[in-house]
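Commentary on secondary and tertiary structure
Read off the chains here:
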Amino acid sequence: LPLKTAEHLFSLSGVNTITANATSVSQVTSVANTLKTELGSGVDVTTQQQSIDNTMSALGNTQNSIKGALIASVIVAALVIVFAVFLIVRERTQEIGILKAIGASNWRVVSQFAIEILTFSLIAAVVAAGLLLTFGQPIASLFSIVTSGAGGRGAGGRGFGGGGFG
């Protein structure tokens with residue numbers, strides 16, 4: 001159906017999206033190529049598979065970015081813990097000296113700090129899990145994807161025929 005005829009037939013002006021269907025999956029590429037040839041270079045013809053491929057590529061890139069951010073955050077968290085322990089030990093040198101003076105072994109001093117660090121880490125993990133349970137779903141819902149109810153049609157449901165080039 002020529003574009004001008006479609007605009008006249010459906011009382012539309014400035015059609016920017018038309019949906020076309022192929023009778024089988026094997027014909028999609030040939031139909032898209034024919035449409036590209038017939039409509040010229042001023043029209044962008046895309047198939048659903050191209051749209052899906054673009055979306056999956058974007059999701060893959062996002063996933064890689066999230067993995068990188070996770071690795072970076074774990075490294076930063078480890079460095080923060082190391083520096084916090086270093087500062088705690090430096091500030092408590094008198095306590096360490098007193099423990100050593102009354103006969104505490106090196107193992108006793110190290111184990112005391114290790115127990116304190118593990119206790120603080122456990123408390124932090126419990127608080128983090130509580131915050132995640134409380135605020136995780138509301139934050140995740142901010143990033144949810146909502147699909148349109150246009151029934152597979154083009155922009156605003158104004159398309160005709162089924163599939164997608166604009």
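Quantities reported herein were computed from a predicted structural model and do not represent experimental measurements.

A word on the overall build of the protein chain. Within the protein chain, the regular secondary structure consists of 5 helices and 0 strands. Ordered by position from the N terminus, the helices and strands of the protein chain form the series α-α-α-α-α. Scored against the burial criterion, the 166 residues of the protein chain give a buried share of 11%. By sequence separation, contacts in the protein chain at least 24 residues apart represent 61% of the contacts at least 6 residues apart.

For the rest of this paragraph, the subject is the side chain of Gln-112. Relative to the helices and strands, Gln-112 resides in helix α5 (residues 106-141). Note on Gln-112: relative accessible area 16%, which makes it buried. Apart from residues no more than four positions distant in its own chain, Gln-112 is found in contact with Arg-92, Glu-95 and Leu-99.

Note that Ser-111 resides in helix α5. For Ser-111, a relative accessible area of 18% puts it in the buried group. A distance of 2.9 Å separates a polar atom in the side chain of Ser-111 from the backbone oxygen of Arg-108.

A cluster of nonpolar side chains, contributed by Phe-120, Ile-123, Val-127, Leu-131, Phe-135, Ile-139, Leu-142 and Phe-143, occupies part of the molecular surface with about 900 Å² of accessible area. On the secondary structure map, Val-127 appears in helix α5.

Further remarks concern the nonpolar core. Counting residues in hydrophobic clusters, the biggest one holds 5 residues: Ile-96, Leu-99, Ala-104, Val-109 and Phe-113. For this core, the elements supplying multiple residues, two or more each, are α4 (93-101) and α5.

All right, on to the pattern of salt bridges then. Considering all chains together, one arrives at 2 salt bridges under this definition. Its salt-bridge partner being Arg-92, residue Glu-95 comes within 2.8 Å of it at the nearest N-O pair. A salt bridge links Glu-116 to Arg-92, with the nearest nitrogen and oxygen atoms 2.5 Å apart. Within this pair, whereas Glu-116 is found in helix α5, its partner Arg-92 is found in the loop between α3 (48-91) and α4, the two being separated by 24 residues in sequence. Glu-116 gets classed as partly exposed once you look at its relative accessible area, which sits at 23%. Taken together, the shared-partner salt bridges connect Arg-92, Glu-95 and Glu-116 into one network.

Packing of α4 against α5 leaves a shortest axis separation of 10 Å and a crossing angle of 140 degrees. Two packed elements cross with a definite hand, and for α4 against α5 that hand is right-handed. Touching Glu-95, Ile-96, Leu-99 and Lys-100 of α4 are Asn-106, Val-109, Gln-112 and Phe-113, all from α5.

It is worth spelling out the environment of Ile-96 at this point. For Ile-96, the position within the fold is in helix α4. Sequence separation of Ile-96 and Asn-106 is 10 residues, and the distance between their C-alpha atoms is 9.5 Å.

So, how was this worked out
- Residues numbered from 1 in each chain as written.
- Predicted model: local features only at pLDDT ≥ 70, side-chain atom pairs only at ≥ 80, totals over all residues.
- Heavy atoms only, no water.
- Helix = DSSP H or I, 4+ residues; strand = E, 2+ residues; numbered from the N terminus.
- Buried < 20%, exposed > 50% of the residue type's maximum accessible area, 1.4 Å probe, protein only.
- Contact = heavy atoms within 4.5 Å.
- Polar contact = N/O pair within 3.5 Å; in protein donor to acceptor, adjacent residues only side chain to side chain.
- Patch = residues over 30% accessible without salt bridge, like charges linked within 9 Å, V, L, I, M, F, W, Y side chains within 5 Å.
- Areas by Shrake-Rupley, 256 points an atom, 1.4 Å probe, with all protein chains shown as cover.
- Salt bridge = Lys/Arg side-chain N within 4 Å of Asp/Glu carboxyl O.
- Core = buried A, V, L, I, M, F, W, Y, C linked by side-chain atoms within 4.5 Å.
- Axes fitted to C-alpha atoms, helices over the stretch in contact; angles between N-to-C directions.
- Left-handed = near helix turned anticlockwise from the far one by under 90°.

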